[in-house]
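# An overview of the molecular structure
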Amino acid sequence: MLDQNISVRVGAAVSLLLVAAVVFVLQFEFQDLGETVQVQVFMKHPGPLRGQADVQLAGRTVGKVQSIRLVSSHEAAKSDHLLHPDGGVVLTLRLRKKYLAWVRLNGQLFVNSKGIIGESYLEVAPPPGDQEMLRPLRQGDAVRGIDPARMEHIIVTSFLNARRCGALLDEIEPSMNALKQEA
């Protein structure tokens, strides 16, 4: 009887610890970003990036892509618009305030992915080496991001490069045959 009571108590304690551990993990999984600022990033197109994607800096999540909205050519008609004259998309980002010192006004923002078929995210990088670092981003800033490569351009360029490589091989074939005969 005594052994059965101990077994029940130990089982209840282990179950309680397991529930507490699950609650603890879920609390961190679903926690809010904390204090944030909202900024906008303008691009010609978002590529594979989707809403709610991470914004990362050196592998650390520093924010989220809140939304992606189309910008018409009519909306971008003014010469001072960041997407003048064709339009594109605007990404609304929520960035954690505690990382803003690393996210600069002239920093590079571009679409990246984890592996070949991994999930896409927006990468934050420092400005190019020849530029002086400007101030950190602030609430309401609007910046121009780096447009991702369009897949159709990659395919066409790869095809043209393959044709050039084939032509080069055809051109050097007589020399290679002569070299083989001499060896």
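First things first, this report covers the structure right here in the doc. Bear in mind the structure is a predicted one, so any value in this text is a computation, not a measurement. Every chain begins its residue count from 1, and numbering advances along the sequence as written. Since the coordinates come from a predicted model, pLDDT governs what is reported: local features require at least 70, and pairs of side-chain atoms require 80 or more to be given and counted, while whole-chain, interface and lining totals use all residues. Working from all heavy atoms in the structure, the side-chain values ignore hydrogens and water.

## Quick word on the overall build of the chain
Counting secondary structure elements, the chain contains 2 helices and 7 strands. We compute the radius of gyration over the C-alpha atoms and compare it with the globule rule, which gives 2.2 Å times the number of residues raised to the power 0.38. Relative to its length of 183 residues, the chain is extended, with a C-alpha radius of gyration of 27 Å against a globular reference of 16 Å. Principal axes of the C-alpha set define a box for the chain whose edges measure 95 × 60 × 30 Å. Contact criterion: two residues are considered in contact whenever any of their non-hydrogen atoms come within 4.5 Å of each other. Sequence separation of 24 or more characterises 66% of the internal contacts of the chain that already satisfy a separation of 6 or more. With residues, only the protein chains shown are counted as cover, and all accessible areas are computed by Shrake-Rupley using a 1.4 Å probe. Surface exposure of the chain reaches about 12900 Å², of which carbon and sulfur atoms provide 59%. Counting from the N terminus, the helices are DSSP H or I runs at least four residues long and the strands are E runs at least two residues long.

## Some remarks on unusual backbone geometry
Excluding glycine, residues mostly carry a negative phi; peptide bonds, for their part, are mostly trans. The residue after His-84, namely Pro-85, is reached through a cis peptide bond having omega 0 degrees. Mapped onto the elements, Pro-85 comes out in the loop between β3 (60–71) and β4 (88–96). Phi angles above zero are rare outside glycine, and Gln-52 is one such case at about 70 degrees. By secondary structure assignment, the location of Gln-52 is in the loop between β1 (36–43) and β2 (54–57). With a 1.4 Å probe rolled over the protein chains alone, any residue whose accessible area is under 20% of its type maximum counts as buried; one over 50% counts as exposed, and the rest are partly exposed. By relative accessible area, Gln-52 is classed as exposed at 52%.

## Description of the side chain of Asp-141
Residue placement: Asp-141 occurs in the loop between β6 (120–125) and β7 (142–144). Its relative accessible area of 12% is what places Asp-141 among the buried residues. Polar contacts, as counted here, are pairs of nitrogen or oxygen atoms within 3.5 Å of one another; within protein the pair requires one atom able to donate a hydrogen and one able to accept it, and residues that are adjacent in sequence qualify only if both atoms are side-chain atoms. Here Arg-135 takes part through its side chain, which lies 2.8 Å from a polar atom of the side chain of Asp-141. What Asp-141 contacts, discounting residues up to four positions off in sequence, is Gln-38, Val-39, Gln-40, Leu-105, Arg-135 and Pro-136.

## As for the pattern of salt bridges
Once the charged atoms of two side chains with opposite charge are near each other, the side chains can pair. In what follows, salt bridge is the name for a side-chain nitrogen of Lys or Arg lying within 4 Å of a carboxyl oxygen of Asp or Glu. In this structure the tally under the stated criterion is 6 salt bridges. With a shortest N-O distance of 2.7 Å, Lys-64 and Asp-54 are connected by a salt bridge. Of this pair, Lys-64 sits in strand β3 while Asp-54 is found in strand β2, placing the two residues 10 residues apart along the sequence. The salt bridge involving Glu-75 is made with Arg-69; its shortest N-O contact spans 3.2 Å. Judged by its relative accessible area of 39%, Arg-69 is partly exposed.

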